Amino acid sequence: MAYRFPTFFAVMLFAFAASGCAAVALTAAAVGGGVAANHQLGGIAYRTFTAPLPRVRSAAMTALKRMGIKPDGSEKIEYGERLLAKAGDRNIEIELEALTPNTTRMRVVAKKDGGVIVDSSTAVEIITQTEKSIGTL
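Small disclaimer: the values here were computed from a predicted structure and weren't measured.

1. Notes on the overall build of the chain
Check the secondary structure of the chain and you find 5 helices and 5 strands. In sequence order, the chain lays out its α and β elements as α-α-α-β-α-β-β-β-β-α. Put simply, the chain has 137 residues, and 31% of those count as buried. In the chain, the share of contacts with a sequence separation of at least 24, taken over all contacts with a separation of at least 6, comes to 47%.

2. Let's talk about the side chain of Asp119
Turning to its location among the elements, Asp119 is positioned in the loop between β5 (103-112) and α5 (120-136). Using a relative accessible area of 11% as the deciding quantity, one classes Asp119 as buried. Polar contacts involving the side chain of Asp119 include one to the side chain of Ser121, which spans 2.8 Å. Not counting chain neighbours up to four residues away, the residues in contact with Asp119 comprise Arg90 and Ala110.

3. Describing α5
Residues three or four positions apart in an α-helix share a direction because the helix packs 3.6 residues into each turn. For α5, with 17 residues, the first-to-last C-alpha span of 25 Å sits near the 24 Å given by 1.5 Å per residue. Those residues of α5 that sit buried are Ser120, Thr122, Ala123, Ile126, Ile127, Gln129, Thr130, Ser133 and Ile134.

4. Observations regarding the pairing of strand β3 (residues 80-87)
Relative to β3, strand β2 (residues 70-77) runs antiparallel, the two being bridged by 6 bridges. Paired with Ser74 across the two strands is Leu83, which belongs to β3. In textbook terms, the turn of a hairpin is the stretch between consecutive antiparallel strands, and for β2 and β3 this stretch comprises 2 residues, one of which, Tyr79, has a positive phi near 70 degrees. Hairpin connection, β3 to strand β4 (residues 90-100): the antiparallel pair is bridged by 2 residues, and Gly88 has positive phi, about 60 degrees.

5. A word on the nonpolar core
Ranked by internal contacts, the top residues of the largest apolar core, which has 21 residues, are Phe49, Ile92, Ile94, Leu96, Met106, Val108 and Ile126. Listing elements by their share of this core, those giving two or more residues are β1 (44-49), α4 (53-67), β3, β4, β5 and α5. Among the elements that make up this core, the one with the highest residue count is α4 (5 residues). Setting aside its immediate chain neighbours within four residues, Ile94 contacts Leu64, Glu81, Arg82, Leu83, Met106, Arg107, Val108 and Ile126.

6. Concerning the pattern of salt bridges
Tallied over the full model, the rule gives 12 salt bridges. Notably, a salt bridge pairs Asp89 with Arg90, separated by 2.5 Å at the nearest N-O pair. The network of salt bridges with common partners includes Glu75, Arg82, Glu93, Glu95 and Arg107.

7. Focus on α4
Along its 15 residues, α4 runs 21 Å from first to last C-alpha, staying within 8% of the 21 Å computed at 1.5 Å per residue. Turning to α4, its buried residues are Leu53, Val56, Ala59, Ala60, Ala63 and Leu64. Buried residues in α4, looked at end-on, bunch into an arc of 140 degrees, giving them a common side. Relative to its buried face, α4 has exposed residues pointing more than 90 degrees away, namely Pro54 and Lys65. Looking at the buried residues of α4, the elements they touch are β1, β3, β4, β5 and α5. Just beyond α4, the residue with positive phi is Gly68, at close to 75 degrees.

What counts and what doesn't
Residues numbered from 1 in each chain as written. Predicted model: local features only at pLDDT ≥ 70, side-chain atom pairs only at ≥ 80, totals over all residues. Heavy atoms only, no water. Helix = DSSP H or I, 4+ residues; strand = E, 2+ residues; numbered from the N terminus. Buried < 20%, exposed > 50% of the residue type's maximum accessible area, 1.4 Å probe, protein only. Contact = heavy atoms within 4.5 Å. Polar contact = N/O pair within 3.5 Å; in protein donor to acceptor, adjacent residues only side chain to side chain. Expected span 1.5 Å × (residues − 1). Pairing = 2+ DSSP bridges. Core = buried A, V, L, I, M, F, W, Y, C linked by side-chain atoms within 4.5 Å. Salt bridge = Lys/Arg side-chain N within 4 Å of Asp/Glu carboxyl O. Arc of directions from axis to C-beta.

Function cannot be inferred from these measures alone, as they are strictly geometric.
So, in structure tokens, the structure goes:
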């Protein structure tokens, strides 16, 4: 137990020193932060639905329409489908993977043009709106 304090102190000191750089500060805080920090840093949002893939696909398309996001095609992937969309300067990729006949995993990534900067809040909102749409289908 004695080793935890120096490690914690070193991480907090580094986070404080790097507070001008949000990405570095978040990385330092993520050492003990778990999934939430990784989600923010990765910019990728995940959700598993207890619904078959066609129903989640329909709900995702309804969510995109509700949000005014233009679908830009789709393609088959192993165990599912990838939906592509465009919203302003963001390219959106939605992967739907059938885990079982009644369970579908959804992964959403929203990247600014150029593919370096990710927008996790848009990805999370697409999942939130999909969840709302599943309830109405």
